[in-house]
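Analysis of the macromolecular model
The residues making up each chain are set out below.
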Amino acid sequence: DTGVSQDPRHKITKRGQNVTFRCDPISEHNRLYWYRQTLGQGPEFLTYFQNEAQLEKSRLLSDRFSAERPKGSFSTLEIQRTEQGDSAMYLCASSANGGVGSPLHFGNGTRLTVT
Amino acid sequence: QKEVEQNSGPLSVPEGAIASLNCTYSDRGSQSFFWYRQYSGKSPELIMFIYSNGDKEDGRFTAQLNKASQYVSLLIRDSQPSDSATYLCAVNGSGGSNYKLTFGKGTLLTVNP
C-alpha cells in the first residue's frame, strides 16, 4: 500500500509567483480531492475529481487556482500570482468509489509559505 | 452552509483515563461520519468511521452516533500520551454532495503521563 503521495512537502515562494503541487493518489482510487488547512482550522474542501472529471470546485477557489487530473491518474494544483493569504497546508486525498461517504485517505500535504 | 461543530479544547486527561470527544453536525441528510487524528504538523489519519446509529468499537476507540440528535462522539479508553493530538470530526454531504467531507475545527487532546 503506497498511500497518497504529494510533492513537494514544503514550498516557500515570493508573493506574485506561481506554484504547482502534485498529488499521486492510491492507485485503485478513482476519487481525488484537494483540501486546504490553516492553523487551528479543519481541512476545507477545494475541489473534487472523479476520474479525470472535475465535478466540484469550491467558492474558496479563486480564479488564481486551477486543478487538473489528466487521464484520471495524478493531479496538479496550480496557484497563480500567489498572495500571503494563500499560505497554508494543501492536502490531497483519495477514496474508492464505494458508495455513500467512502473514507478519505490523505497524503502528507504540501506546506506553502508565501513571503 | 453545512457545519460541523467541535469543542476546540484543549481537553486534558490523565494517562489511563477515558477521553470523550464530541461533535455535532447540521446536515440531517448526512449518512457517514468519520474521526481523524492529526498530530502537529502532520496530515489527518483516519481512525474510525460509523454509518449507523449506536456504538462501534475498534480496540480502545468507540464511536457513537445519534442521528436524531445530530451528534457523534469518540471515546478513547485507557488514554496514552501517544494519543495526544487534534481529533477531527468529518461528515459527508447529503444528496449530490455525498462524496464530500466537511470537517470540524478539531479538538486538541492532551494525555498527561
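Notes on the structure follow. (Residues numbered from 1 in each chain as written. Chains lettered and ligands numbered in written order. Predicted model: local features only at pLDDT ≥ 70, side-chain atom pairs only at ≥ 80, totals over all residues. Heavy atoms only, no water.)

Another aspect to go through is the packing of aromatic side chains. All told, the structure shown has 14 aromatic pairs over all chains when counted by the stated rule. Three or more aromatic residues joined by ring pairs make a cluster, and in this case those are Tyr33, Tyr35, Phe45, Tyr48 and Phe106 of chain A together with Tyr36, Tyr99 and Phe103 of chain B. Positioned above the aromatic ring of Phe45 of chain A, the side-chain terminus of Lys100 of chain B is 4.8 Å from the ring centre. (Phe/Tyr/Trp six-rings, centres within 6.5 Å; stacked < 30°, edge-to-face > 60°. Lys NZ or Arg CZ within 6 Å of the ring centre and 35° of its normal.)

Each strand in a sheet pairs with another by means of backbone hydrogen bonds, the pair being arranged parallel or else antiparallel. Residues and elements named next belong to chain A. Spatial strand order, E1-E3-E8-E7: 4 strands in an open sheet with antiparallel pairing. Looking at which strands have only one partner, the edges of the open sheet turn out to be strand E1 (5-7) and strand E7 (65-68). Between one strand axis and the next, the sheet turns by 15° as a mean value, whatever way the strands run. Sheet analysis places strand E3 (residues 19-24) next to strand E8 (residues 75-79), joined by 5 bridges and oriented antiparallel. Each residue of the ladder has a partner; that of Val19, found in E8, is Ile79. (Pairing = 2+ DSSP bridges. Helix = DSSP H or I, 4+ residues; strand = E, 2+ residues; numbered from the N terminus. Axes fitted to C-alpha atoms, helices over the stretch in contact; angles between N-to-C directions.)

Right, let's get into the nonpolar core. In this structure, Trp35, Val72, Leu74, Ile76 and Tyr87 of chain B are the most contacted members of the largest nonpolar core, which totals 23 residues. Contributions of two or more residues to this core are made by strand E3 (19-25), strand E4 (33-38), strand E5 (45-50), strand E7 (61-66), strand E8 (71-76), strand E9 (85-92) and strand E11 (107-112) of chain B. Filtering out sequence-adjacent residues up to four positions away, Ile76 of chain B remains in contact with Ala17, Ile18, Ala19, Leu21, Arg60, Phe61, Asp83, Tyr87 and Leu109 of chain B. One finds Phe49, Leu61, Ile79 and Ala88 of chain A within the second-largest nonpolar core, a separate group that totals 19 residues. (Core = buried A, V, L, I, M, F, W, Y, C linked by side-chain atoms within 4.5 Å. Buried < 20%, exposed > 50% of the residue type's maximum accessible area, 1.4 Å probe, protein only. Contact = heavy atoms within 4.5 Å.)

Bringing unusual backbone geometry into the picture now. That bond from Asp7 of chain A to Pro8 of chain A is cis: its omega, 0°, falls within 30 degrees of zero. Summarising the element assignment, Pro8 of chain A is placed in the loop between E1 and strand E2 (10-13). The linkage connecting Gly9 of chain B with the following residue, Pro10 of chain B, adopts the cis geometry, with an omega of 10°. Within the secondary structure, Pro10 of chain B sits in the loop between strand E1 (4-6) and strand E2 (11-14). Look at Asn51 of chain A: it is not a glycine, yet its phi comes out positive at around 55°. By the element assignment, Asn51 of chain A lies in the loop between strand E5 (44-50) and strand E6 (53-57). A positive phi angle is found at Asp78 of chain B, which is not glycine, with a value near 50°. On the secondary structure map, Asp78 of chain B appears in the loop between E8 and E9.

Let's shift gears to the state of the cysteines. This model, assessed by the stated rule, comprises 2 disulfides over all chains. In this model Cys23 of chain A forms its disulfide with Cys92 of chain A; the gap between the sulfur atoms is 1.9 Å. With the S-S bond torsion at -70°, the cross-link from Cys23 of chain A to Cys92 of chain A turns out left-handed. With Cys23 of chain A in strand E3 and Cys92 of chain A in strand E9 (residues 88-95), this residue pair connects regions lying 69 residues apart in the sequence. Accessibility classification places Cys23 of chain A together with Cys92 of chain A in one group, the buried group. Covalent S-S linkage joins Cys23 of chain B and Cys89 of chain B, the inter-sulfur distance amounting to 2.1 Å. Across the S-S bond of Cys23 of chain B and Cys89 of chain B the torsion is about -75°, and the bridge reads as left-handed. In this pair, Cys23 of chain B sits in strand E3 while Cys89 of chain B sits in strand E9, placing the two residues 66 residues apart along the sequence. By the burial criterion, Cys23 of chain B is buried, and Cys89 of chain B matches it. (Disulfide = S-S within 2.5 Å.)

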